[in-house]
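Close look at the chain arrangement
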Amino acid sequence: MQIAIINGPNLNLLGKRETGIYGSESFEQYFKHLQQQFPAVNFTYFQSNVEGELVNYLHEVGFSYDGVLLNAGAYTHTSIAIRDAIAGIKTPVMEIHISNVYAREEFRHTSLIAPKCIGCICGLGLKGYQLGVEYFGMNDL
Ligand code: DQA
């Protein structure tokens, strides 16, 4: 099973950024645990702060991979281009948020990508990525 994890803007700062909200573990550290936890899964990890690069990567993986876990960061709330990319590919995309966006500012309550995703895991910290992998495992293995 091939799963792509895609993180959007500012998520390269995980572990340093607003640690009260996002925790003190870097994504690189967490990613190692995830790979150990699911040795049968072939993971790729891509992070970018640039909207078009996220679109390009969705196109790259979106016709051959079994699943995408996408934390689009702030682009979740603004990006029609990322929404259209999700709609245009074949691979199912799970929306991930580390924080509970519904318990935060009102502008975070709207997701432009949600209607094109198969589901959303939100507010469960980094564990949300693990739960997303389990979902794809249940359905595609
Ligand atoms: C986030 C929530 C977004 O509102 C925010 O812009 C992020 C991270 C999360 O994982 O909780 O950058 O996607």
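Residues numbered from 1 in each chain as written. Predicted model: local features only at pLDDT ≥ 70, side-chain atom pairs only at ≥ 80, totals over all residues. Heavy atoms only, no water.

Regarding the UniProt feature "site: Transition state stabilizer" (unreviewed entry) in the chain
Those places that UniProt annotates as "site: Transition state stabilizer" (unreviewed entry) correspond, in this numbering, to Arg17. Looking at the element boundaries, Arg17 is found in the loop between strand S1 (2-7) and helix H1 (19-22). Judged by its relative accessible area of 17%, Arg17 is buried. Other than its neighbours up to four places away in sequence, Arg17 contacts Pro9, Asn10, Leu11 and Tyr22. (UniProt positions renumbered as here; feature names shortened; annotations may be inferred. Helix = DSSP H or I, 4+ residues; strand = E, 2+ residues; numbered from the N terminus. Buried < 20%, exposed > 50% of the residue type's maximum accessible area, 1.4 Å probe, protein only. Contact = heavy atoms within 4.5 Å.)

Notes on the packing of aromatic side chains
Each aromatic ring pair is characterised by the separation of its centres together with the angle its planes make. Taken as a whole, this structure holds 10 aromatic pairs when the rule is applied. The interplanar angle of 20° and the centroid separation of 6.3 Å between the aromatic rings of Phe27 and Phe31 together place this pair among those described as stacked. Of this pair, Phe27 and Phe31 are both found in helix H2 (residues 27-37), four residues apart, which corresponds to roughly one turn of the helix. For the residue pair Phe27 and Phe31, the accessibility class agrees, reading buried in each case. Centre to centre, the rings of Phe31 and Tyr45 are 5.5 Å apart; their planes meet at 35°, and the pair counts as tilted. With Phe31 in helix H2 and Tyr45 in strand S2 (residues 42-47), the pair connects residues that are 14 residues apart, well separated along the chain. Taken together, Phe27, Tyr30, Phe31, Phe38, Phe43, Tyr45 and Tyr129 form an aromatic cluster joined through their ring pairs. (Phe/Tyr/Trp six-rings, centres within 6.5 Å; stacked < 30°, edge-to-face > 60°.)

Topic: the packing of helix H3 (residues 51-61) against helix H4 (residues 80-88)
Between H3 and H4, whose axes approach to 9 Å, the crossing angle comes to 0°. Taken as axis vectors, H3 and H4 run roughly parallel relative to one another. Contacts between H3 and H4 involve Glu51, Leu54, Val55, Leu58 and His59 from the first element and Ala81, Ile82, Ala85 and Ile86 from the second. By residue class, the composition of the contact of H3 with H4 is seven nonpolar, one polar and one charged. (Axes fitted to C-alpha atoms, helices over the stretch in contact; angles between N-to-C directions. Parallel < 35°, antiparallel > 145°, perpendicular 65-115°, else oblique. Nonpolar A, V, L, I, M, F, W, Y, C, P; charged D, E, K, R; others polar.)

Regarding the site of the ligand
Within the structure, the ligand sits among Arg17, Tyr22, Asn71, Gly73, Ala74, His77, His97, Ile98, Ser99, Val101 and Arg108. With respect to the ligand, the backbone of Ala74 contributes an N or O atom lying 3.1 Å from an oxygen atom. Within the contact set of the ligand, an oxygen atom lies 2.7 Å away from a side-chain nitrogen or oxygen of His77. In the complex, 99% of the free accessible area of the ligand, which totals 320 Å², lies under the protein chains. Because more than half of its atoms lie within 2 Å of the grid, the ligand is assigned to the largest cavity. (Near = heavy atom within 4 Å. Polar contact = N/O pair within 3.5 Å; in protein donor to acceptor, adjacent residues only side chain to side chain. Areas by Shrake-Rupley, 256 points an atom, 1.4 Å probe, with all protein chains shown as cover. 1 Å grid on protein atoms, 1.4 Å probe; cavity = no way out; pocket = protein on both sides within 12 Å on 5 of 7 lines; lining within 4 Å. Sits in = over half its atoms within 2 Å of the grid points.)

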